[in-house]
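# Summary of the model geometry
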Amino acid sequence: MLTCRTVWKKLAPLARASSTACRQNVRRAGLNNARTPLCVPVAHMSTGPVGGGGDNLKYALLVGAAFVGGLTYAVITLRGDQQRHLERMAEISSRKQKSATQTHTEPPAAEATNTEATPEPKLETSAEVTAPNAEAAASSETAEPPPPPAADSKPASPTLPSHAPYLLIGGGTASFAAARSIRARDPGAKVLIVTDEPDLPYMRPPLSKELWFSDDPSVTETLRFKQWNGKERSIYFQPPSFYIEPQDLNSAENGGVAVLTSRKVVHMDVRGNKVKLDDDTEISYDKCLIATGGVPRNLQVVERAGEEVIKRTTLFRKIEDFKSLDKVSRNAQSITIIGGGFLGSELACALGRRSTESGLEVIQMFPEKGNMGKVLPEYLSNWTTEKVKKEGVKVITEALVKSVSYKDDKLEIKLKDGRVVKTDHIVAAVGLEPNVDLAKSAGLEVDSDFGGYRVNAELQARSNIWVAGDAACFYDIRLGRRRVEHHDHAVVSGRLAGENMTGANKPYWHQSMFWSDLGPDVGYEAIGIVDSSLPTVGVFAKATAKDTPKAATEESGTGIRSESETEDTASSAVASATPAPAVEHKDEYGKGVIFYLRDKVVVGIILWNVFNRMPIARKIIKDGEEHADLNEVAKLFNIHED
């Protein structure tokens, strides 16, 4: 039709001129002959002389041909448009049937959405049919049809909610603390926890402490244990009845906390406020917390040693690792723990205590000169090493592993100084690597020095995204940027992140503590930066029967000592009136306080068999003052009182 219109525009002036010439010739002929001719030959319809009508004939033929051609083209075009219209209607009709089929398989919410969307194709069809000109028909002919509903995204599994107002990634301590905090501030909140573990949220410290001292042979099944104070409790924060099923989350009138186990978030769309799971299920959110924790490091020599060595090596972190190592300890003749930090020393003492009954050989090796050599001053590290040996552990210091191989049903560990150790099983306790797998897809910044997601003072990484626990690298107003891997930090940071997700906008000023027990008789609590490379000052006193982890838990009523902590620091402290004895680094360190200094300011404190005094230590670090005599400061902890 566009071509027909163009041709007609060109020929219309010529046709009008020809008609005008014909009328003029007729008038002239009538005047000259004094009569009107009965018939006017076509050849005389011209302004030229008689007999020159060839041009008029050409004009008439050209006009007629243009008219016939335009009419023919218009008919053909209209028939084509009619055929395309019929095909379009058939396509829309088939699409409706497909959409109706999907509607029956989706939840009611999706059905309502599809029902509301169905009139759109009708409106589009009406516009095509009633297009007032041929240009509209031509443009609709080249336009691409809209995609079928939900064709660009995979629908969520019928058993899972497609949207969670509060989405918590990770099922550890920080995540549970955040969920509890969210519900406390928003009682009707709907919280979904997604964890790649098969278990409900649980506390990790007992995995390397109290569980190993249980007399119950079925402890690996019940996961219940007696605390140092004799009270029994479960490793899980709450029983299954505390949670609601994930598929019931959206319909819960009063909200609740649902846990989606054995699922991993593999991709995060920050702009779209949604995540993708490892089964391609997509879940959108309003607010999101990343509390993915960390992954145990392994030794490169073990990773390169082959399958036989790897399957005889435990990276201790989860419930399944505890169950696996417990089974190995009951069947193997020898277990070697590589690592002299908190975890390695705790497991060495726990397995060493069991070795006295079963004859199990327990070996602990590390590159430092003594246990926890990176944390404790050398004299206290050496004392701790002797304590571990008394628990039945063979300690090998200054041990650098060169290679590991599997020969004659034994693992053979070669050290760089030529020593060789043969064992049945290896436990690698050489640190933790923060889990930042989502950083790339989410576009989140990872700290190059400490690892973990960099967050602001409110633990926020991006709009609507917070990070807590081991994976958070935060700025400490007193000690600078840090990343902490301890239970108390997970509790407090998770709680604060949950509050901020509900609009609290609170900064993270808390100085978290951590603790470690070498059995029920020796334990310590620490806060701040405790690094043996820093200058230290230790003040010790004679211990009494109440200066043990067991006595401390009996007094506080809880086995997880950080649960008795609050965010309040000591506003004032009353120093002991008992004069402090001269500080002597003897072979016995019953109880005491170790101060860690940086630029003459206390930046870290260890309370050695001194318990329930952490608010005082927290205030000292918060004040950030220089102290001329730390013996006087030690009096604040009343260590010289019986």
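I will try to describe carefully the structure that is included in this document. Since the model is a prediction, treat every value here as computed from it, not as a measurement.

To continue, consider a nonpolar patch on the surface. Judged by side-chain polarity, Phe67, Val68, Leu71 and Val75 come together as a nonpolar surface patch covering roughly 380 Å² of accessible area. Turning to its location among the elements, Val75 is positioned in helix 2 (residues 54-105). Judged by relative accessible area, which is 36%, Val75 ranks as partly exposed.

In this structure, Glu398 is a non-glycine residue whose phi angle is positive, near 50 degrees. Inspection of the secondary structure assignment puts Glu398 in the loop between strand 13 (393-396) and strand 14 (401-407). Despite not being glycine, Asn505 shows a phi value in the positive range, around 60 degrees.

On to the pairing of strand 2 (residues 190-194), then. Judged by how many residues are buried, strand 2 sits mostly within the fold: four of five residues are covered. When strand 1 (residues 163-169) meets strand 2, the two strands line up parallel, connected through four bridges. If you follow Tyr166 over to strand 2, its bridge partner there is Val191. For the crossover from strand 1 across helix 6 (residues 173-185) to strand 2, the handedness is right-handed. Both strand 2 and strand 5 (residues 256-260) contribute to a ladder of five bridges, which runs parallel. In the strand pairing of strand 5, Leu192 is matched with Ala258.

This part takes up the nonpolar core. Grouped together as the largest cluster of nonpolar side chains are 127 residues, with contacts concentrated most on Met268, Phe595, Ile605, Ile606, Trp608 and Phe637. Per element, the largest residue contribution to this core is six residues, and it comes from strand 28 (residues 601-608). Counting residues in each nonpolar core, the second largest holds 16 residues, with Val309, Val404, Leu411 and Val421 among its members.

Taken in spatial order, the five strands make up an open sheet running 10-17-11-12-13, and their pairing is parallel. Edge positions in the sheet fall to strand 10 (313-315) and strand 13, since each has one partner strand and no second. Across the sheet, the mean angle from the axis of one strand to that of its neighbour is 20 degrees, orientation sign disregarded. Of the strands in this sheet, strand 12 (361-365) and strand 13 touch helix 12 (residues 378-390), which is tilted by about 145 degrees from strand 13.

Inspection of every chain in the model, using the stated rule, returns 26 salt bridges. The partner of Lys264 in a salt bridge is Asp437, with the nearest N and O atoms 3.8 Å apart. Separated by 173 residues along the polypeptide, Lys264 in the loop between strand 5 and strand 6 (265-269) and Asp437 in the loop between strand 18 (432-434) and helix 13 (439-442) bring together distant segments of the chain. For Asp437, a relative accessible area of 52% puts it in the exposed group. For Arg454, the salt bridge goes to Asp447, with nearest N and O atoms at 2.4 Å. A relative accessible area of 29% places Arg454 in the partly exposed class. It is possible to trace a salt-bridge network through shared partners that takes in Glu308, Lys311 and Arg312.

Tracing the chain through its elements places Glu197 in the loop between strand 2 and helix 7 (219-222). Reaching out from Glu197, the side chain makes a polar contact with the side chain of Arg204 at a distance of 3.0 Å. Setting aside anything within four residues of it in sequence, one finds Glu197 in contact with Tyr202, Arg204, Thr261, Ser262 and Lys318.

The subject of this paragraph is the packing of aromatic side chains. Tallied over the full model, the rule gives 14 aromatic pairs. Judged by centre distance (5.1 Å) and plane angle (80 degrees), the rings of Trp212 and Phe322 are edge-to-face. Of the two residues, Trp212 is situated in the loop between strand 2 and helix 7 and Phe322 in helix 10 (residues 319-331); the sequence distance between them amounts to 110 residues. Owing to a relative accessible area of 5%, Trp212 belongs among the buried residues under this scheme. Connected via pairs of aromatic rings, a cluster forms that spans Phe342, Tyr379, Trp383, Phe514, Tyr524, Phe540, Tyr589 and Trp608.

This part takes up helix 10. With 13 residues, helix 10 should cover 18 Å at 1.5 Å per step; its first-to-last C-alpha distance of 19 Å lies within 8% of that length. Regarding helix 10, the residues found buried are Ile319, Asp321, Phe322, Leu325, Asp326, Val328 and Ser329. Buried positions along helix 10 lie against helix 7, strand 10, strand 11 (334-338), helix 11 (342-358) and strand 17 (425-428).

This part covers the sheet that holds strand 19 (residues 453-454). Taking strand neighbours across the sheet as the criterion, the three strands line up as 19-22-23 in an open arrangement whose pairing is mixed. Looking at strand neighbours, the two that pair on one side only are strand 19 and strand 23 (480-482), the edges of this open sheet.

This part covers the environment of Leu200. Looking at where Leu200 falls in the secondary structure, it is placed in the loop between strand 2 and helix 7. Leu200 sits 61 residues away from Thr261 along the chain, and the two C-alpha atoms are 7.3 Å apart. Not counting the four nearest positions on each side in its chain, Leu200 is found in contact with Tyr236, Pro240, Tyr243 and Val259.

About the thresholds
- Residues numbered from 1 in each chain as written.
- Predicted model: local features only at pLDDT ≥ 70, side-chain atom pairs only at ≥ 80, totals over all residues.
- Heavy atoms only, no water.
- Patch = residues over 30% accessible without salt bridge, like charges linked within 9 Å, V, L, I, M, F, W, Y side chains within 5 Å.
- Areas by Shrake-Rupley, 256 points an atom, 1.4 Å probe, with all protein chains shown as cover.
- Salt bridge = Lys/Arg side-chain N within 4 Å of Asp/Glu carboxyl O.
- Helix = DSSP H or I, 4+ residues; strand = E, 2+ residues; numbered from the N terminus.
- Buried < 20%, exposed > 50% of the residue type's maximum accessible area, 1.4 Å probe, protein only.
- Pairing = 2+ DSSP bridges.
- Right-handed = clockwise from strand over helix to strand, strands pointing away.
- Core = buried A, V, L, I, M, F, W, Y, C linked by side-chain atoms within 4.5 Å.
- Axes fitted to C-alpha atoms, helices over the stretch in contact; angles between N-to-C directions.
- Contact = heavy atoms within 4.5 Å.
- Polar contact = N/O pair within 3.5 Å; in protein donor to acceptor, adjacent residues only side chain to side chain.
- Phe/Tyr/Trp six-rings, centres within 6.5 Å; stacked < 30°, edge-to-face > 60°.
- Expected span 1.5 Å × (residues − 1).

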